[in-house]
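Here are the chains, one letter per residue:
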Amino acid sequence: MKKLMMICLFAVAAITASAQKYALIDMEYILKNVPAYERANEQLNQVSKKWQAEVEALTTEASTMYKNYQNEVVFLSQEQKTKRQEAIVAKEKEASELKRKYFGPEGELFKKRTSLITPIQEEIYLAVKEISEQRGYSMVINRAGNDGIIFGSPKIDISNEVLQKLGYQ
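If you're wondering where the values come from, they're calculated on a predicted model, not measured in any experiment. (Residues numbered from 1 in each chain as written. Predicted model: local features only at pLDDT ≥ 70, side-chain atom pairs only at ≥ 80, totals over all residues. Heavy atoms only, no water.)

*Asks:* Can you walk me through the pattern of salt bridges in this structure?
*Replies:* Oppositely charged side chains may form a pair once their charged atoms are brought near each other. Tallied over the entire structure, the rule returns eight salt bridges. The residue E61 makes a salt bridge to K91 at a minimum N-O spacing of 3.1 Å. Taken together, the residues E61 in helix α3 (residues 35–72) and K91 in helix α4 (residues 78–103) connect sequence positions 30 residues apart. Between E108 and K111 there is a salt bridge whose closest N-O contact spans 4.0 Å. Here E108 and its partner K111 are both found in helix α5 (residues 108–135), three residues apart, which amounts to about one turn of the helix. (Salt bridge = Lys/Arg side-chain N within 4 Å of Asp/Glu carboxyl O. Helix = DSSP H or I, 4+ residues; strand = E, 2+ residues; numbered from the N terminus.)

Okay, structure coming up:
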């Protein structure tokens, strides 16, 4: 009797598992075809280059101060040496703090990226969710950059449908 119950339980589990529907999306493909994402990336690149130039300017200034110090060190008094060393360290620290402010984990670039990209990602998520609910998908898997998927049938790829739902062709 116990064996019969176990067999029935496995049969029900197998039927339930096979009844689940899955779909794939290619997030890279979708994002490439969303003009707002491309504009956001371009804006982020421009801001990043501007901020990087600011950081490099301070770093170069600190480097120049150090080279000048090295050239003049023999002519300086101990007090002047200390003053110059402190100025160089302060400039390097300023450059480091600016770099952290712009590019750190909670820096300005992260905040800007979040403010520009998150709404686009949420819009895509909502479109995927709506399609999934309409079609009864249990799971939608991102095939882009996922080494776990060796093959996915184009029949279950809903990337173009998501783009259409977003208003893009």
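That was the structure; now back to the text.
*Asks:* Can you help me understand the packing of aromatic side chains in this one?
*Replies:* Ring pairs (aromatic) are described by centroid distance and by the angle formed between their planes. Under the counting rule described, the total for this entry stands at two aromatic pairs. For the pair W51 and Y102, a centre-to-centre distance of 4.5 Å together with 5 degrees between the ring planes defines the contact as stacked. In this pair, W51 is assigned in helix α3 and Y102 in helix α4, connecting sequence segments 51 residues apart. The exposure class of Y102 is buried, given its relative accessible area of 9%. For the pair Y102 and F103, a centre-to-centre distance of 6.3 Å together with 80 degrees between the ring planes defines the contact as edge-to-face. Taken together, the ring pairs connect W51, Y102 and F103 into an aromatic cluster. (Phe/Tyr/Trp six-rings, centres within 6.5 Å; stacked < 30°, edge-to-face > 60°. Buried < 20%, exposed > 50% of the residue type's maximum accessible area, 1.4 Å probe, protein only.)

*Asks:* Help me understand α5, please; the structure alone is not making it clear to me.
*Replies:* A turn of α-helix holds 3.6 residues, and therefore any two residues three or four places apart point the same way. For α5, which comprises 28 residues, the first-to-last C-alpha distance of 40 Å matches the rise-based estimate of 40 Å (1.5 Å per residue) to within 8%. A maximum bend of about 35 degrees is found in α5 at I117, where proline P119 lies one to four positions downstream. Of all the residues in α5, the buried ones are L109, I117, I120, I124, A127, V128, I131 and S132. Residues of α5 that are buried in the fold lie against β1 (21–25), α2 (27–32), α3, α4, β2 (137–142) and α6 (159–166). (Expected span 1.5 Å × (residues − 1). Bend = angle between axes of the 7 residues up to and from the residue. Contact = heavy atoms within 4.5 Å.)

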